[in-house]
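Chain residues, written in single-letter form:
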Amino acid sequence: MTAQSTPAKAPRPWLALRDDLLIPLLAIVMALIVGSFVIVFTNFGVLDILSGASSANLAGAMWSAIATAYGSMFEGAIGNFGAIATAFASGDSAAIGQALYPISESLATTAPYVLAGLAVAVSFRCGMFNIGVEGQIFLGAIFATYVGYAFTGLPAIVHIPLAVLAGALGGALWAAIPALLKARAGAHEVITTIMLNYVAYRLTDWLLSGPMQRPGSTNPISPLIAQTAELPRLLPEPARFHIGFFIALAVAFGVWWLLFRTTIGFEIRTVGANPDAAQYSGMNVTRNLVLAMCLSGALAGLAGANQVLGMNRTMTGGISGGLGFDAIALALLGKSHPAGVVAASFLFGVLRSGATKMQSVAEIPTDLISIIQALVIAFIAAPAIVRGLFRIRRGGDDARTVFMRGWGR
Amino acid sequence: MDPVLELRGITKRFPGVLANDHIDLALGQGEILALLGENGAGKSTLMNVLYGLYKQDEGEITVRGKPLHTTGPNDSIAAGIGMVHQHFMLIPVLTVTENVMLGQESLRGGVFLDRRAAANRIREISKAYGLEVDPDAYIKDLPVGVQQRVEIIKLLYRNADILIFDEPTAVLTPQEADELAKVMRSLVAGGKSIIFITHKLREVREVADRVVVLRLGKVVGGANPKTASEAELASMMVGRQVLLTVDKAEAKPGEPVLIVDGLRVLDDREGLVVDGVSFDVRAGEILGLAGVQGNGQTELVEALTGLRGPQAGHVTIVGQETTRANPRTVTELGVAHVPEDRQRDGLVLSYPVADNMVLNTYYLPPFARGVVTQQAEVDKVAAERVKQFDVRTPGIATSAGSLSGGNQQKVIIARELSRPIKLLIAVQPTRGLDVGSIEYIHSRIVEKRDQGCAVLLVSTELDEIMGLSDRIAVMYHGRINGVVNAADVTKEQLGLLMAGVHPDQALAGPAAAA
């Protein structure tokens, strides 16, 4: 609790930053603690002792249950430091690849989270709630897949950007529908985007069992994309770590630059923060809403393209796996700031990819990770709990008002 | 005489601000005490402590000798303290009786509202204190002055005997304000005691028995309103000499800059609120648009500035038809707009002061190069304007929302007046501001006029209209009810025009007006 000893007269930006970082960090700690209760009380060894069926040491059993679970999760998400050191010492590239596999897999999982999280964040910044990211991911994936397999004979340097941009276009077009409905008819984007998600699911079903079905297959699956459209992988098989991660980081930087360093972003943020003042200032509110929504959809589409071109190399109905809904949590966690979204996405990437290992080693279902994700969000959404538990004082009222930008409201 | 209410050593701190610094205050039985002070002097904080909305850090409150410990307004109400808020807390679609009963309903048979019993009590109260009101009328049909009476009745219905009035005349016509003064006197005659928060010197002298002046959270003195002059009170309030009248030379009107012809505007509910308005404003003159709030001024200004499309008629600004122009086109013609609701329209409260300073010029050089914001330029210019317009802020990175109302308004004034402009449309430019800020903003507006700018000043404050304007147009029920030369008209005549009296009668002469 070093926070308490922070001098009261510390510069305000630091205090606000402390608040922005410390609270999420402690929220994660709290989520892991509460999660450990779930681990302990679903552990058969522990339950046997509690019911008297076993006479082993209770505390020891509890500790080992927690340690196995989180230990395997950590190892599955980040890797084993000893193994990494040995691999680098040996200089064998295959061994290095194997040692780096867990962390590389976490980063590969992080990439689509970043893109989808940014999609929601951009809509929040403009005062809208884009719940249709899931559907826009599907449309982005469809467009990217089509360009990926239908265009052949292109060099990779042309084919990759083309397929990626097709994904963005697909997402943007899908998001343009609710945007125009809102602009022209006043339809609320929450309703229309939710509905369009279902349309996107069914559209995908039809395409994958009809026009886009892989020749010779009876399953709803698209043809493999051409090799020239594949996002290059950076580590030897089976690692799937590909340049999508760096694309996502670059896009996050681009979104930050657009939002905070250009007049376009200034307009988007102003419309989100105070539409009346935006109109008074001569900004075209409607145009900005449409623009922000299309931008949001384009980012979602990129997430879809990333999944097809980088990870699966084909399109199936399970391409997203709820990514578009996790994205809402990511935008909230990251306070709709690109840097925050990247950090939150890394957290989710680590948890998700650690979950697999935890399931195989500690025999704990991956659902525990969903519980921990939910707890992190709950603790962040209710900062008063974390403040109370750790006795953190607010970072000065003035600082709060300056840095509290809301979720695009 | 034992005080009914006594505050001793009340201190209230907010982070970085000492809002109330050991304030001692005593209210005598049957007294009207005016609490006078600039915005930010700590009047509202003190009253919120008294009303139980804030908890004081030090000091104690006693009511009739008994200490008052509040955890919320309910304790204060139980102790007989009631507050008439500046913004009424009434539900428009309910009747007077229903509003008064709300939260303290009389019941019949345990479940049914006993409206009749409540209405009878309301009639008794009305009669006892001269608060004329029909208990069965709907709030939405009542003029503002009568709505305020309902607020007062609400307090009396709850047996309050210490009444706090927070800036009660801000929304009233001069005639309604006079009525209120009578009501206040009959309240004290009936055994009530009143604290009256204001920054209007004239009212203090008219109704108060005693004045206490607050400045920067401290009591700086008291005065007898019957003997102290307005200038004395003003200098106590501000802490220096204040010019109460605006010093201005004869206007030299030039060509018309704004021409409004037969303008008709609908409000959000499709009601015709501006009904065939025509007038013009010339370069180098200030046209004051007087009128009680809600007579179509808001929608008229929205139509002039491109925020609302008119139904019919024409608007011409510097020779260009702008009837259906968008706000940006109007701004780029050289029109500055100080909006009526500074927090809703004029500022983005979550933005730093710097960004608010360029809210409508952010896209122009030097603030942007192409689409790239030149933050260094923005910051530089913002810092200059903060200095030039004396905006009191910790820095340009401070959010506009954390500034006081007066400083928020100065940010808007700084932004609008430091552009090259030909027409200034200022709506309620000094509402809620302190004497010092008012003086400053008024002098800036006159300065713009003298530089040849046309000024349309929309205000419900008669003092402001009369002090600044060269010509005055009075708006009533969506129409212009007379245009007069400011020099030839009395406050009473304007009051009659504002109340809808035909100009032939209203201007018939001082005798008729009085």
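Residues numbered from 1 in each chain as written. Chains lettered and ligands numbered in written order. Predicted model: local features only at pLDDT ≥ 70, side-chain atom pairs only at ≥ 80, totals over all residues.

Undergrad: Explain the overall build of chain B to me, using residue names and the numbers behind them.
TA: When helices and strands are tallied, chain B shows 19 helices and 24 strands. For 514 residues, the compact-globule estimate of 2.2 N^0.38 gives 24 Å, and the C-alpha radius of gyration of chain B, at 24 Å, lies within 12% of that figure. In terms of principal-axis extent, the alpha carbons of chain B reach across some 65 × 50 × 50 Å. The buried share of chain B, reckoned over its 514 residues, is 49%. (Helix = DSSP H or I, 4+ residues; strand = E, 2+ residues; numbered from the N terminus. Rg over C-alpha atoms; globule rule 2.2 N^0.38 Å. Buried ≥ 20, exposed ≤ 12 C-beta atoms within 10 Å, placed from the backbone.)

Undergrad: Any chance you could break down the nonpolar core for me, citing the residues and the numbers?
TA: One finds Leu115(A), Leu118(A), Ala119(A), Phe196(B) and Leu457(B) to be the most contacted residues of the largest nonpolar core, which totals 268 residues. The element contributing the most residues to this core is helix H12 (residues 285-312) of chain A, with 14 residues. Not counting residues up to four positions away in its chain, the partners in contact with Leu457(B) are Ile286(B), Leu287(B), Gly288(B), Leu289(B), Ala426(B), Ile445(B), Ile465(B), Leu468(B) and Ser469(B). (Core = buried A, V, L, I, M, F, W, Y, C linked by C-beta atoms within 7 Å. Contact = placed C-beta atoms within 7 Å.)

Undergrad: Now, about the sheet that holds strand S17 (residues 320-321) of chain B: what can you tell me, with residues and values included?
TA: Residue and element names in this part refer to chain B. Overall, antiparallel pairing links the four strands, which are arranged S14-S13-S16-S17 in an open sheet. Since the sheet does not close on itself, it has two edges, and those belong to strand S14 (272-282) and S17, each with one partner. Alignment of strand S13 (residues 256-266) against strand S16 (residues 312-317), held across five bridges, turns out to be antiparallel. Residue arginine 264 lies in a different strand from S16, and its bridge partner there is alanine 312. (Pairing = 2+ DSSP bridges.)

Undergrad: With reference to specific residues and values, describe the environment of Gln147(B).
TA: For Gln147(B), the location among the structural elements is in helix H5 (residues 144-157). For Gln147(B), the contacting residues outside a window of four places in its chain are Phe88(B), Leu90(B), Ile139(B) and Leu142(B).

Undergrad: With reference to specific residues and values, describe the domain arrangement of chain A.
TA: Residues and elements named next belong to chain A. According to the domain assignment, chain A consists of domain 1 (19-74 + 364-403) and domain 2 (108-354). Domain 1 puts 10 residues into the contact, and the matching count from domain 2 is nine residues. Breaking the side of domain 1 that touches domain 2 down by element, the ones donating at least two residues are helix H1 (12-41), helix H3 (58-77) and helix H15 (367-381). For the side of domain 1 that touches domain 2, the element with the most residues is H15, which contributes five residues. Looking at side-chain class alone, the side of domain 1 that touches domain 2 contains eight nonpolar, one polar and one charged residues. (Domains from an automatic or database assignment. Nonpolar A, V, L, I, M, F, W, Y, C, P; charged D, E, K, R; others polar.)

Undergrad: Any chance you could break down the domain arrangement of chain B for me, citing the residues and the numbers?
TA: Residues and elements named next belong to chain B. Domain annotation for chain B reports domain 1 (3-238), domain 2 (243-334 + 420-514) and domain 3 (348-418). Look at where the C-alpha atoms of domain 2 and domain 3 centre, and you get two points 27 Å apart. With nine residues of domain 2 at the interface, the matching set in domain 3 holds eight residues. With five residues, helix H15 (residues 435-450) is the largest single contributor of residues to the side of domain 2 that touches domain 3. By residue class, the composition of the side of domain 2 that touches domain 3 is three nonpolar, three polar and three charged.

Undergrad: Can you explain the sheet that holds strand S18 (residues 335-338) of chain B? Please cite residues and give values.
TA: All names here are of chain B. If you trace the six strands from one edge of the open sheet to the other, you get S18-S21-S22-S15-S23-S24, paired in mixed fashion. At either margin of the open sheet sits one strand with a lone partner, and together these are S18 and strand S24 (479-485). On average, each strand axis in the sheet is tilted by 15 degrees relative to the strand beside it, whichever way the strands run. Against the sheet, helix H17 (residues 491-498) makes contact with strand S15 (286-290), strand S23 (471-476) and S24, and its axis sits at roughly 35 degrees relative to S23, the strand it touches most. (Axes fitted to C-alpha atoms, helices over the stretch in contact; angles between N-to-C directions.)

Undergrad: An account of helix H9 (residues 244-261) of chain A is needed here, citing residue identities and associated values.
TA: Residue and element names in this part refer to chain A. A rise of 1.5 Å per residue sets the reference length of H9, with its 18 residues, at 26 Å; its end C-alpha atoms lie 25 Å apart and thus fit the reference within 8%. Those residues of H9 that fall on the buried side of the exposure criterion are Gly244, Phe245, Ile247, Ala248, Val251, Ala252, Val255 and Leu259. For H9, the angular spread of the buried residues around the axis is 155 degrees, confining them to a single face. Each element contacted by the buried residues of H9 is listed here: helix H5 (93-125), helix H10 (263-273), H12 and helix H14 (338-361). (Expected span 1.5 Å × (residues − 1). Arc of directions from axis to C-beta.)

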